[in-house]
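Chain by chain, the residues run as shown.
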Amino acid sequence: VEALTHQPRATTVHAVRDSELAKLPEGALTSIKRKYPQVVTRLIHLLGEKILGSLQQVNGPLTGHGLGLHTTGSKWDSGNPSSNLSTVAILPVSEDVPLTAFTLELKHALSGIGPTLLLTSDNIKQRLGSAALDSVHEYRLSSWLGQQEDIHRIVLYQSDYCLTPWTQRCIRQADCILIVGLGEQEPTVGELEKMLENTAVRAQKQLILLHKEDGPPPFRTVEWLNMRSWCSGHLHLCCPHRVFSKRSLPKLIEMYERVSQKPPDRHTDFSRLARVLTGNTIALVLGGGGAR
């Protein structure tokens, strides 16, 4: 709207992750308007549809919300942890975290909501070659990752246990970062976490604490959170025994191939996490007295 009317821009944008910015010079837009007036007609038609559609949804005055614009106090400012996520990076607090089992379990739960892709440094090299993560292939990798986001509801980026080029790529690509720790261990800040506060400033960071089915209930949560001011939220997950099983990587993948043949259980904590990540959570608030 502002480009067509030569007005100062009324909206702003924050890049949460690595993004590509395309600039259309004002002179080019003016030239297009003169040579191809049908383009302007089409633009006006699209803007009119958007404004009218928003008005019908809001059923109120023509405000920033009605125009679908970002305004102070909109849902993006209220700490909404998901609703528009497409990429999720998964980082371990320590090497004791069963990271592969966790990501495979989460992938299975997400598959009940929409197409999900799990990427690791190993399967990237298998798909795109051993040199895929080299800086000389930056454009090729970025283009391929963009295509995967187009065809999947969520892409999971499983980092390595240390700061490798792939781990850095996971952080750069992430709309949301899950920091996964073991609830029964000491809440010490891991090596990968220490760099998050400065490198991934705007991406949401959620602390995920894993617990065994027959283990003690969650405790000392406040200590975990006090040491991680960068975390915007946390979840405790009760994990099935298979998550903590001591299997080799091929055996683990083979087991989850069998698991994925069955539909995910909606009542597990992993399915709850999947609903949180995709904006499908439903809260029930009960009033007092007979309503309960």
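All values reported here derive from a predicted model rather than from experimental measurement.

What is the right way to read the nonpolar core from this model?
Grouped burial of nonpolar side chains is what soluble globular proteins tend to show. If you look at the biggest cluster of nonpolar residues, it comprises 33 residues, and the most contacted ones within it are Phe102, Leu106 and Leu178. Among the elements of the structure, β1 (87-92), α4 (99-110), β3 (154-158), β4 (176-182), β5 (204-212), β6 (233-239), α11 (249-259) and α12 (269-277) are those that each provide at least two residues to this core. Top element by residues in this core is α4. It accounts for seven residues. Once residues lying within four places of it in the same chain are set aside, the contact partners of Leu178 are Val88, Ala89, Ile90, Leu91, Phe102, Leu106, Gln206, Ile208, Leu273 and Leu277.

Just checking my understanding: could you explain α12 for this structure?
Along an α-helix, residues three or four apart share an orientation, since each turn contains 3.6 residues. Along α12, the residues classified as buried are Phe270, Ser271, Leu273, Ala274, Val276 and Leu277. Trailing α12 by a residue or two, Gly279 shows a phi angle of about 70 degrees, which is positive.

Looking at this structure, I do not really get the packing of α4 against α12. What am I missing?
Two packed helices can be described by the angle between their axes and the distance between those axes. Between α4 and α12, whose axes approach to 8 Å, the crossing angle comes to 70 degrees. Comparing the axis directions of α4 and α12 gives the class roughly perpendicular. Between α4 and α12 lies a crossing of right-handed hand. Listed contacts from α12 to Phe102, Glu105, Leu106, Ala109 and Leu110 of α4 are Phe270, Ser271, Leu273, Ala274 and Leu277.

I would appreciate a short explanation of the packing of helix α5 (residues 121-128) against helix α6 (residues 138-151) in the present structure.
Taken N-terminus to C-terminus, the directions of α5 and α6 make an angle of 105 degrees; their axes are 13 Å apart at the nearest point. With respect to α6, the element α5 is oriented roughly perpendicular. Taken together, the residues of α6 that come into contact with α5 (itself represented by Ile124, Arg127 and Leu128) are Arg140, Leu141, Trp144 and Leu145. Tallied by class, the residues present in the contact of α5 with α6 amount to five nonpolar, no polar and two charged.

Explanation requested: the sheet that holds β1 in the structure shown.
Sheets are built from strands paired through backbone hydrogen bonds, the pairs being either parallel or antiparallel. If you walk across this open sheet you meet the six strands as β2-β3-β1-β4-β5-β6, and the pairing is parallel. Both edges of this open sheet fall to β2 (116-119) and β6, since each of them pairs with a single strand only. This sheet shows a mean twist of 25 degrees between the axes of neighbouring strands, independent of strand direction. Where β2 meets β3, four bridges bridge the pair, whose relative direction is parallel. Counted as the bridge partner of Leu119 is Tyr157 from β3. Contacting β1, β2, β3 and β4, helix α7 (residues 165-173) runs over the sheet at an angle of about 145 degrees to β3.

Conventions used here
Residues numbered from 1 in each chain as written. Predicted model: local features only at pLDDT ≥ 70, side-chain atom pairs only at ≥ 80, totals over all residues. Heavy atoms only, no water. Core = buried A, V, L, I, M, F, W, Y, C linked by side-chain atoms within 4.5 Å. Buried < 20%, exposed > 50% of the residue type's maximum accessible area, 1.4 Å probe, protein only. Helix = DSSP H or I, 4+ residues; strand = E, 2+ residues; numbered from the N terminus. Contact = heavy atoms within 4.5 Å. Axes fitted to C-alpha atoms, helices over the stretch in contact; angles between N-to-C directions. Parallel < 35°, antiparallel > 145°, perpendicular 65-115°, else oblique. Left-handed = near helix turned anticlockwise from the far one by under 90°. Nonpolar A, V, L, I, M, F, W, Y, C, P; charged D, E, K, R; others polar. Pairing = 2+ DSSP bridges.

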